[in-house]
Amino acid sequence: MIFFLHRFYVKPYGLKDALVIATEVICSCECEEKGIPNSDLCSDGNGTFACGVCYCNPNRYGKECECDVESGTGEGYENCRSSNSTLICSGRGECYCGECQCFLRQNPKEVISGPFCECDNFSCDRYEGEICGGPKRGKCICDENTWTSKCQCHKGYAGNACQCPDTNDACMATTGLLCNGFGECDCGKCVCDENSSFRGPTCEDCGICIGDCGVFRECVMCTVFEEGRLSPEECAQCSMLIVVEKKLQIPEGSLQCETLNEANCTVIYYYETLQNGTVLVHVQKHPVCPQATVVKVEPWIIVVAIICAILFIGLLLILLLRLYIYYLDKKEFAEFEKDRKQANWDTSTNPIYKPSTTKHANPMYGKAVQMEYQDDPRPKTEL
């Protein structure tokens, strides 16, 4: 038996005293010398059984040397990682001979599964605090296409947490339209258009509508006049009976419904409920359109309008001319200012200054002047 003595110190911060701990590590045991080579306890002789454990032969590993390195699994860890994860067995299991063995949960009903322990039956979406809405709605399974946990809903339910009915029956209005044509069915509930006046579970309640006139409007417009916001597929779902009459005779006590079509004409109809619960809508065949009115204009009004137009055009032309002249003056002044700023004057003498005196030079100044005298032809007299 071989011993190794090792010491280490434990010293609190700020104190001089220290605790010395001496340990003896046993590196070999007497039982190792009594090991059984190629023991049957080590996977049919693939290791030495000593001290209650198997010491595997080369290229073998595992608790009982049951794994083979040369089988292509290497250390076994490469086959225990998924392509989109660096964790061995997704961090929720151990790699054993190249295969993942998932951990067990404290709750026996919670199970981790999947080739890389990436799935389970307890991490699916919840509805009303229960996984997949509870056992009556669905259960949490491992999707073999994506290897993720997802809800498998029972018949009658749908959604990521089985929170929705799988049909739109709850969104059908009495008109036979989905959400009365004024909304969308989302998870078994109508989401009415914000721009419409209809509200309620099936978008049939209209606070500003008179009676139920607005409920039947879209079906009347698309069925009789091929107008409105409904598509041909939606129009075919209108369930009420529509009777087109040339001239309506509205019974006493019935409500006359009116609406405008695309030509701004008034469509008239009324509805009644039969004894068997069927809704019957009577529609007048031809809408009532407003008559065009002719406005008579006096001649003097036309003359005054023409004179005013001429004056206006003249004033406009004068204004445009004035603006053009103003533009030219402003442009010329800007050029003058630019030349004035760029001029380089000599500050010693004013270039436009002229002295008040003028000096003229005598060209004969300083030269000898000879004068020739001629005899006076007049007779001389003696005094």
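Scope of this entry: the structure provided in the associated data block.

About the cut-offs
Residues numbered from 1 in each chain as written. Predicted model: local features only at pLDDT ≥ 70, side-chain atom pairs only at ≥ 80, totals over all residues. Heavy atoms only, no water. Disulfide = S-S within 2.5 Å. Helix = DSSP H or I, 4+ residues; strand = E, 2+ residues; numbered from the N terminus. Buried < 20%, exposed > 50% of the residue type's maximum accessible area, 1.4 Å probe, protein only. Contact = heavy atoms within 4.5 Å. Polar contact = N/O pair within 3.5 Å; in protein donor to acceptor, adjacent residues only side chain to side chain. Pairing = 2+ DSSP bridges. Axes fitted to C-alpha atoms, helices over the stretch in contact; angles between N-to-C directions. Patch = residues over 30% accessible without salt bridge, like charges linked within 9 Å, V, L, I, M, F, W, Y side chains within 5 Å. Areas by Shrake-Rupley, 256 points an atom, 1.4 Å probe, with all protein chains shown as cover. Salt bridge = Lys/Arg side-chain N within 4 Å of Asp/Glu carboxyl O. Expected span 1.5 Å × (residues − 1).

Quick look at the state of the cysteines now. Working definition: the covalent bond between the sulfur atoms of two cysteines is a disulfide. Taken as a whole, this structure holds 16 disulfides when the rule is applied. Two residues, Cys119 and Cys142, share a disulfide whose sulfurs are 2.1 Å apart. Handedness of the Cys119-Cys142 disulfide follows from its S-S torsion of about 45°: it is right-handed. Of this pair, Cys119 sits in strand E10 (residues 119-120) while Cys142 sits in strand E13 (residues 138-143), and the two are 23 residues apart along the sequence. Note on Cys119: relative accessible area 0%, which makes it buried. The disulfide bridge from Cys153 ends at Cys162, spanning 2.1 Å between sulfur atoms. Because the torsion about its S-S bond is -95°, the bridge between Cys153 and Cys162 counts as left-handed.

Checked against the element boundaries, Lys139 lands in strand E13. Each C-alpha atom, one on Lys139 and one on Cys124, is 8.7 Å from the other, the two residues being 15 residues apart in sequence. Among all residues touching Lys139, those that are not within four sequence positions of it are Cys132, Lys150, Cys151 and Gln152.

Looking now at the side chain of His282. Along the chain, His282 turns up in strand E24 (residues 279-284). We classify His282 as buried; its relative accessible area is 7%. In terms of polar contacts, His282 uses its side chain to reach the side chain of Glu245, at 2.8 Å. Here Glu272 takes part through its side chain, which lies 2.7 Å from a polar atom of the side chain of His282. What His282 contacts, discounting residues up to four positions off in sequence, is Val243, Glu245, Leu248, Ile268, Tyr269, Tyr270 and Glu272.

Across the sheet, 4 strands lie side by side as E21-E24-E23-E22; this open sheet has mixed pairing. If you trace the sheet from one side to the other, it starts and ends with strand E21 (241-245) and strand E22 (257-260), each paired once. Strand-to-strand, the axes of this sheet are offset by a mean angle of 30°, without reference to chain direction. Here E21 runs beside E24; their pairing, made up of 5 bridges, is parallel. Across the sheet, Val244 pairs through a bridge with Val283, a residue of E24.

Our focus in this paragraph is a nonpolar patch on the surface. A surface patch of nonpolar side chains, about 680 Å² in accessible area, is lined by Val297, Trp300, Ile301, Ile302, Val304, Ile306 and Ile310. Along the chain, Val297 falls in the loop between E24 and helix H4 (299-342). Here Val297 falls in the partly exposed class, since its relative accessible area comes to 46%.

The pairing of E13 with strand E14 (residues 148-153) spans 6 bridges and is antiparallel. By the bridge assignment, Ile141 is partnered in E14 with Lys150. The hairpin turn running from E13 into E14, its antiparallel successor, is 4 residues long, and Trp147 in that turn takes a positive phi close to 55°.

Bringing helix H2 (residues 213-224) into the picture now. An ideal rise of 1.5 Å per residue puts 16 Å on 12 residues; H2 measures up with 15 Å between its terminal C-alpha atoms. Extensive coverage of H2 is indicated by the burial of 9 of its 12 residues. Along H2, the residues that are buried comprise Cys213, Gly214, Val215, Phe216, Glu218, Cys219, Val220, Met221 and Cys222. Buried residues in H2 make contact with strand E19 (198-199), helix H3 (232-235), E21, E22, strand E23 (266-273) and E24. One or two positions beyond H2, positive phi appears at Glu226, with a value near 55°.

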